[in-house]
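One letter stands for each residue in the lines below.
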Amino acid sequence: LALPYFFLSLFLVGAEATVTGILLSRLTALPWEVGSFGFLIATWALCRAGLQLGLRAQALATWSLLLGLAALSLLAVVQAAQTGALSTRIWVAAPSLPHFVAAVGQALFLFMGFELITCQADLTQTTALRRALCGSSLILTAFYAIISLGLCCLPAAAQPAEGVAIPQLAMAQASGSWLALLIVVVLSLLASYTSFNGALLTLGRLTAALASQGLLPRSLAKLDGASLLPQRALLALLGFCMAATAAVRWGGMLLPAIVAAAPAAALAYAAAAWTREKPPF
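Small disclaimer: the values here were computed from a predicted structure and weren't measured.

(A) Highlighting helix α8 (residues 167-175). Within α8, the full set of buried residues consists of Gln168, Leu169, Ala170, Met171 and Ala172. A positive phi of about 75° marks Gly176, the residue just after α8.

So, in structure tokens, the structure goes:
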């Protein structure tokens, strides 16, 4: 169960890097490959050196991105209402069953990643941790609902293309402001950095654990004495993430990677919860 979840999570990193490269290419003249692979290498180098963005800076970037995108979404709703197109944009035909199933997979994916956050928390404070997880789930539910409503109300010309749906890019472009695009891209890069940095720290330890059990090459289980990080595992993760990014972008695997990773993660979490309730845990 751990291996499929592990490899599909790396493809999600490839999807994140692809989105990052597209965002940079829209803002600069750089090809998406430069932005995507540069983002992966820079984040890996900082993680390997033990440098991390402060938690306060992470929280500030995340809240700024959430509030900014929510404001752009509400602006799209107001503009649709002013033109009398609100009802036609919202009330659309029901999706087909395959599209509905795909949407459920994406919805699960939207709530993945909490395991990357909880490793930074004090696990002895179980009440605070439970309250934080419940509260963040409610905040995300409200945020995703507003974003979905805003995307529905965007003009047809601003709707994101299928397979490369980047909500923050569509929202910023629909506003018609270059400054809004710049702010959204910068905040998205910070959010992506914290996401990939957390993934490296978490998946690096998972790689070392799987290697120590013989499920991966045992050389990946070695920890560096100075940084206490599995440096070989981090290097292997960088190589695989770069290959996954190329596969996601050139192979058109952005949406399949997201849809496949969601049930794999759900199955892994369910197995962990079931095991925890059994002896000797």
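(B) Summary view of a nonpolar patch on the surface. Residues Leu97, Phe100, Val101 and Val104 make up a contiguous nonpolar surface patch of about 400 Å² in total accessible area. With respect to the helices, strands and loops of the structure, Val104 is situated in helix α5 (residues 97-110).

(C) Representation of the packing of aromatic side chains in the model. Taken as a whole and assessed by the stated rule, the structure comprises 6 aromatic pairs. Here Trp32 and Phe37 contribute two aromatic rings whose centre-to-centre distance is 6.1 Å and whose plane-to-plane angle is 45°, an arrangement assigned as tilted. Phe37 matches Trp32 in its accessibility class, with the two residues each being buried. Ring centres of Phe143 and Tyr144 lie 5.7 Å apart, and the angle between their planes is 50°; on these two criteria the pair is classed as tilted. A relative accessible area of 12% means that Phe143 is categorised as buried. Taken together through their ring pairs, the aromatic side chains of Phe6, Phe7, Phe11 and Phe240 make up a single cluster. Positioned over the ring face of Trp32 is Arg249, at 5.3 Å from the centre of the ring.

(D) Representation of the packing of helix α1 (residues 2-27) against helix α2 (residues 32-48) in the model. With their axes 7 Å apart at the nearest point, α1 and α2 run at an angle of 130° to one another. Judged by the angle between their axes, α1 and α2 are oblique. Remark: the crossing between α1 and α2 carries right-handed chirality. Contact with α1, carried on its side by Val13, Ala17, Thr18, Thr20, Gly21, Ile22, Leu24 and Ser25, involves Trp32, Gly35, Ser36, Phe39 and Leu40 of α2 and no other residues of that element.

(E) Expanded view of unusual backbone geometry. Cis rather than trans, the peptide bond between Pro279 and Pro280 has omega equal to 0°. Locating Pro280 in the fold gives a position in the segment after α11 (254-276).

(F) The arrangement of the side chain of Thr43 in detail. Along the chain, Thr43 turns up in helix α2. Discounting residues that sit within four places of it in the chain, Thr43 has contacts with Tyr193, Phe196, Asn197 and Leu200.

(G) Representation of the environment of Cys153 in the model. Along the polypeptide, Cys153 turns up in the loop between α7 (126-152) and α8. Between the alpha carbons of Cys153 and Ala76 there is a distance of 5.7 Å; along the sequence they are 77 residues apart.

(H) Layout of α11. Here α11 spans 33 Å end to end across 23 residues, near enough to the 33 Å set by a 1.5 Å rise per residue. For α11, every residue scored as buried is listed here: Leu254, Ala257, Ile258, Ala261, Ala262, Ala264, Ala265 and Ala268.

(I) Molecular detail of empty space enclosed by the protein. Under the defined criterion, the tally for this structure stands at 1 cavity of 30 Å³ or more. Estimates place the volume of the largest cavity at around 40 Å³. The wall of the largest cavity is formed by Leu72, Leu75, Ala76, Gln79, Leu154, Met171, Ala174 and Ser175. Listed by contribution, the elements that provide at least two residues to the lining of the largest cavity are α3 (55-82) and α8. The element contributing the most residues to the lining of the largest cavity is α3, with 4 residues.

(J) Structural context of the nonpolar core. Core analysis: the largest hydrophobic core is formed by 26 residues, its most contacted members being Phe6, Leu40, Phe196, Leu200 and Leu237. Listed by contribution, the elements that provide at least two residues to this core are α1, α2, α9 (178-212) and α10 (231-250). If you tally residues by element for this core, the top one is α9, at 8 residues. Those residues in contact with Phe196, other than ones at most four positions away along the chain, are Val13, Phe39, Leu40, Thr43, Trp44 and Cys241. Core analysis: the second largest hydrophobic core is formed by 24 residues, Leu66, Cys153, Leu169 and Ala172 among them.

Parameters at a glance
Residues numbered from 1 in each chain as written. Predicted model: local features only at pLDDT ≥ 70, side-chain atom pairs only at ≥ 80, totals over all residues. Heavy atoms only, no water. Buried < 20%, exposed > 50% of the residue type's maximum accessible area, 1.4 Å probe, protein only. Helix = DSSP H or I, 4+ residues; strand = E, 2+ residues; numbered from the N terminus. Patch = residues over 30% accessible without salt bridge, like charges linked within 9 Å, V, L, I, M, F, W, Y side chains within 5 Å. Areas by Shrake-Rupley, 256 points an atom, 1.4 Å probe, with all protein chains shown as cover. Salt bridge = Lys/Arg side-chain N within 4 Å of Asp/Glu carboxyl O. Phe/Tyr/Trp six-rings, centres within 6.5 Å; stacked < 30°, edge-to-face > 60°. Lys NZ or Arg CZ within 6 Å of the ring centre and 35° of its normal. Axes fitted to C-alpha atoms, helices over the stretch in contact; angles between N-to-C directions. Parallel < 35°, antiparallel > 145°, perpendicular 65-115°, else oblique. Left-handed = near helix turned anticlockwise from the far one by under 90°. Contact = heavy atoms within 4.5 Å. Expected span 1.5 Å × (residues − 1). 1 Å grid on protein atoms, 1.4 Å probe; cavity = no way out; pocket = protein on both sides within 12 Å on 5 of 7 lines; lining within 4 Å. Points joined across faces, edges and corners; volume = space filled by probe spheres on them. Core = buried A, V, L, I, M, F, W, Y, C linked by side-chain atoms within 4.5 Å.

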